[in-house]
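# Working through the structure, step by step
Chain by chain, the residues:
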Amino acid sequence: MQLNINGTAREVDAPDEMPLLWVIRDVLGLTGTKFGCGMAQCGACTVHLDGQAVRSCVLPVSAVAGRMVTTIEGLSPDGSHPVQRAWVDADVVQCGYCQPGQIMSAAALIAHNPSPSDEDIDAALAGNICRCGTYQRVREAVRKAAAQRRAER
Amino acid sequence: MTALTRRQLLQRSLLSGAGLFVAFHVPRKARAVPEPAAKQLPDPNAFVRVAPDDTVTVLLAHSEMGQGIWTGLSMLIAEELDCDWSKIHVEHAPAAPVYAHPAFGMQMTGGSTSTWSEFDRYRTAGAMARAMLVSAAAQRWKTDPRKLRTENGTVVHGKQRLSYGQLALAAQAQTPPKKVALKDRKKWKLLGKPTRRLDSPEKVTGKAQFGMDVRFPGLRTALVARPPVFGGKVRSFDAGEAKSVPGVEQVVQIPTGLAVVARDFWSAKRGRDALRIHIDWDLGPGATLDSAALLQDYRDKAKSKGPGIAAQKGDAEAALATSATRVVAEYDVPYLAHAPMEPLNCSVKLEGGRCEIWTGTQFQTMDQMSAAKIAGISPSSVAIHTQFLGGGFGRRATPSSDFVSEAVHVAKAAGVPVKTVWTREDDIQGGYYRPLFLHRIEVGLDAEGAPRAWKHTIVGQSILAGTPFEQFMVKNGVDNTSVEGVSDSPYIEAVPARLVTVHSPRPPVPVLWWRSVGNTHTAFAMESMIDELAYAAGREPLEFRAALLAHKPRYLRALKVAAEKAGWGKRPPAGRARGLAMHESFGSIIAQVAEVSVGEDKRIQVHKVTCAVDCGTAINPLGIEAQVQGAIAFGLSAVLHSEVTLKDGRVEQSNFHDYRVLRLPDMPEVQVEVLESDAKMGGIGEPATAPISAAVANAVYALTKQRLRSLPLRLALA
């Protein structure tokens, strides 16, 4: 079937029910999207589907044919997305494993809600677990990224 | 024990094949870094390399698992090397004897030791490299090296300058200096300054490679069907259906179960699902395990003294009998999984008498030895390519190298390169837990309310029991990781008659160190009890603690700073109350004030945690703040949510829906005050996890007058 991944059409040979996560990782070799739970509980596998944050570990690949999938590799060519810059600036990452998922959730939030309240941030990121406990700086970085994005518009 | 004994024992155990002798846990008294044998300086080339393009590569002897040593140890080198910080590139070192932990004698990461144990070695390596660059420049300019100075990656002589890159090849030919002087701390430019992480760019773009991300042609993925109860064995199986799943190539039997080897994860998972119903397990005695019954058994055991005596002074029992007031309390904590975000995985390639391993591990030397034994080769024929660890928290430091050994078995049985991947369910149900523990404490107060007798009985599995460390590390029935934080508590040291004993039962549940190890439960028990005693004595909790610590200025300072910054003594916002706790572990002291409220549904919400941390010299305050925030979040998961329970031998939890952990909306605002002190440098990865349980429980008591003595904390609904 044909998939649109990060703006490129890719022909993949995978069973219909294979979760998008494993197509991205094992078939296409894009390893920035992470496996954490396999049941949409932790958010490490978050990607954008037509601009919305979704958990790719429970999404059968057949459901995304013809739709636009963006992974962390496609968020920006060089790490320059406002969320990525804010993440570096706020020194958010620790082990880093959950961070692509956190960043994809945050990017979808500020794309749809340029001025998120603290409650909006809590709600949008509640599905992304970080065992290192970077949450306080995640909040700070999302606020910074939103402000940055507003300033650039 | 001295370093020399440790080294001798290490050699002896290597010869006997009995495994390594080292302490993962460092008892407080043994925290000195041993003098290197014969005062040898490190081989600078092993730790830092300067390339002609001016890049400075730092070789990391320890594993980056989030704690920030990628940056912190590089700062140590850069300070002395005087290089351009923007040119630093970091790599995990290979597994080799030169990278052995300075205090432990084996290559490993744990015990919150990386920074203090490498403080001298990494700075020295940087200083030696600098001296060699200066000496190469002096030769080039035919002048005395003492006339030269260095500046941000260049050697300067009057108006002449040469970059380190221009000197790199010539420097390599220089003889390493016999001795180097390290900078006085007053001259530090980098150390002590808040410094952003070097690994951020690759971690925010998805480029950072974790073990899970390892790919190479021919690498298969394997999932292992492990027994449904601990200690179970495969009796018989039929692999027919599993092998008919597209993508599945082999089903092989290994000591820990049956491995389904497939072309990708999804095929392996479907294959394993198909296989599971066709396995007949011999469950063994583990099938009767029940954590509730175990806790009751521990409660009964705690009524009598344990066989291991961890601390004793005076006659605590006699003093109890004659005390004006007796306070008795029991505290208990459940089994806990580490649940690092990156599920365990390990890639192995066996070829031509060599074994190559790609994984995120905290225990390179142990893994090398375990793999060698299974592959039937020498440890030096085992190469370990350490990848970024998607969290460790102790789970990637198993004395049995469990997940590495298993992967080597699979690769050997399958005859192809294999990456074993654990699912989250495998992780939560796979054991190697923080052990279930129960503390029974009886304290006698005198007429003024001061403790005069302290009898403390601890019941829980020894982490070291059954490991190669047991014969050396468990002394007179006491595994220090079971009692640390009680037997050496500054509070207990203030009590004239005291007795701390331990029972170490051995139910067949694999247990392991979990961020802050024994302190996870000892800090909860100690600081909750101190709070109970303050109320029993009719004293203010801060003042009661300060009286016990009157002659211990470091503890007092931490307590008082945390209290002051938190507004202790001032009225908290409506509906909230504050709780206090202070604990020392891994050489650092941390005091915390938690501010909590309770919802109508009796849900405990932690709004704010104010901390004062004394870890001696602070290398990177920005990293310290991150570690304290993170350690509190890790601790709060256990305070508010997480527990592993067993019934009929089965683990009742399986994934993050029922093994609940802290999520972003629950994260309090953590304020960190770093107290510089002249004390020896301590660790920072773990200490803040320990006291948060008691700080929150004490705040809940202040608010509700309900004393919660079990973790996770749950208020009665009625």
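### Section: the overall build of chain B
Within chain B, the secondary structure is distributed over 20 helices and 28 strands. The C-alpha atoms of chain B give 27 Å as radius of gyration, which agrees with the globular expectation for 718 residues (27 Å, within 12%). Structurally, chain B occupies a C-alpha span of about 80 × 70 × 50 Å along its principal axes. Out of the 718 residues belonging to chain B, those deemed buried represent 56%. For chain B, restricting intrachain contacts to residue pairs at least 6 apart in sequence, the fraction spanning at least 24 positions comes to 78%.

### Details of the domain arrangement of chain A
All names here are of chain A. Assigned domains of chain A: these are domain 1 (2-74) and domain 2 (82-152). Computed over C-alpha atoms only, the centres of domain 1 and domain 2 are separated by 21 Å. With 15 residues of domain 1 at the interface, the matching set in domain 2 holds 12 residues. Per-element tally for the side of domain 1 that touches domain 2: the top contributor is strand β3 (residues 46-49), with 3 residues. Looking at the side of domain 1 that touches domain 2, its residues break down into 6 nonpolar, 8 polar and 1 charged.

### So, the sheet that holds strand β23 (residues 576-585) of chain B
All names here are of chain B. With mixed pairing, the 4 strands of this open sheet are ordered in space as β23-β24-β25-β28. Edge strands, defined here as strands with exactly one partner in the open sheet, are β23 and β28 (669-674). Put simply, the sheet's adjacent strands are angled 15 degrees from each other on average, direction ignored. By the bridge criterion, 10 bridges tie β23 to strand β24 (residues 588-598) in an arrangement that is antiparallel. Within β24, the residue paired with Met582 across the bridge is Ala591.

### Observations regarding the interface of chain B and chain A
Many authors give the size of an interface as the accessible area that is lost as the parts come together. Facing 49 residues of chain B, the contacting portion of chain A comprises 43 residues. When contributions to the side of chain B that touches chain A are tallied by element, the ones reaching two or more residues are α6 (200-204), α8 (265-276), α19 (621-640) and β28 of chain B. A total of 7 residues in the side of chain B that touches chain A trace back to one element, the largest contributor, which is α19(B). Per-class residue counts for the side of chain B that touches chain A are 26 nonpolar, 11 polar and 12 charged.

### Considerations on the pairing of strand β15 (residues 354-359) of chain B
For a regular strand, the rule is simple: side chains alternate between the two faces of the sheet. All names here are of chain B. The pairing of strand β14 (residues 345-351) with β15 spans 5 bridges and is classified as antiparallel. Opposite Lys349, over in β15, you have Glu356 as the bridge partner. Examined bridge by bridge, β15 and strand β16 (residues 382-386) share 5 bridges and lie parallel to one another. Looking at the pairing, Trp358 lines up with His385 of β16. As a crossover connection, the stretch from β15 through helix α11 (residues 364-375) into β16 is right-handed.

### What to know about the environment of Gln592(B)
All names here are of chain B. Among the secondary structure elements, Gln592 is positioned in strand β24. Between the alpha carbons of Gln592 and Lys303 there is a distance of 32 Å; along the sequence they are 289 residues apart. Beyond its immediate sequence surroundings of up to four residues, Gln592 is in contact with Ala562, Ala581, Val609, Cys611, Pro691, Ile692 and Ala695.

### Some remarks on the environment of Val61(A)
Residue and element names in this part refer to chain A. In this structure, Val61 sits in the loop between β4 (52-55) and β5 (68-70). For Val61, a count of 24 C-beta atoms within 10 Å puts it in the buried group. Along the chain, Val61 and Asp16 lie 45 residues apart, while their C-alpha atoms are 5.8 Å from each other. Setting aside residues up to four positions removed in sequence, Val61 forms contacts with Ala14, Asp16, Met18, Pro19, Leu20 and Val23.

### Considerations on α11(B)
Two residues of an α-helix separated by three or four positions point the same way, owing to the 3.6 residues in each turn. Residue and element names in this part refer to chain B. The end-to-end C-alpha distance of α11 is 16 Å, a good match for the 16 Å that 12 residues give at a rise of 1.5 Å each. With 9 of 12 residues buried, α11 lies mostly within the body of the structure. For α11, the complete set of buried residues consists of Gln364, Thr365, Met366, Asp367, Gln368, Met369, Ser370, Ala371 and Ile374. Close packing links the buried residues of α11 with β15, β16 and α12 (402-414). A positive phi of about 70 degrees marks Gly376, the residue just after α11.

### Looking at the domain arrangement of chain B
All names here are of chain B. Each assigned domain of chain B is listed here: domain 1 (33-195), domain 2 (211-284 + 344-421) and domain 3 (291-335 + 433-704). Spacing between the C-alpha centres of domain 1 and domain 2 amounts to 38 Å. Counting from both sides, the interface comprises 12 residues of domain 1 and, opposite them, 17 residues of domain 2. Its residues assigned to classes, the side of domain 1 that touches domain 2 comprises 5 nonpolar, 6 polar and 1 charged.

Criteria and thresholds
Residues numbered from 1 in each chain as written. Chains lettered and ligands numbered in written order. Predicted model: local features only at pLDDT ≥ 70, side-chain atom pairs only at ≥ 80, totals over all residues. Helix = DSSP H or I, 4+ residues; strand = E, 2+ residues; numbered from the N terminus. Rg over C-alpha atoms; globule rule 2.2 N^0.38 Å. Buried ≥ 20, exposed ≤ 12 C-beta atoms within 10 Å, placed from the backbone. Contact = placed C-beta atoms within 7 Å. Domains from an automatic or database assignment. Nonpolar A, V, L, I, M, F, W, Y, C, P; charged D, E, K, R; others polar. Pairing = 2+ DSSP bridges. Axes fitted to C-alpha atoms, helices over the stretch in contact; angles between N-to-C directions. Right-handed = clockwise from strand over helix to strand, strands pointing away. Expected span 1.5 Å × (residues − 1).

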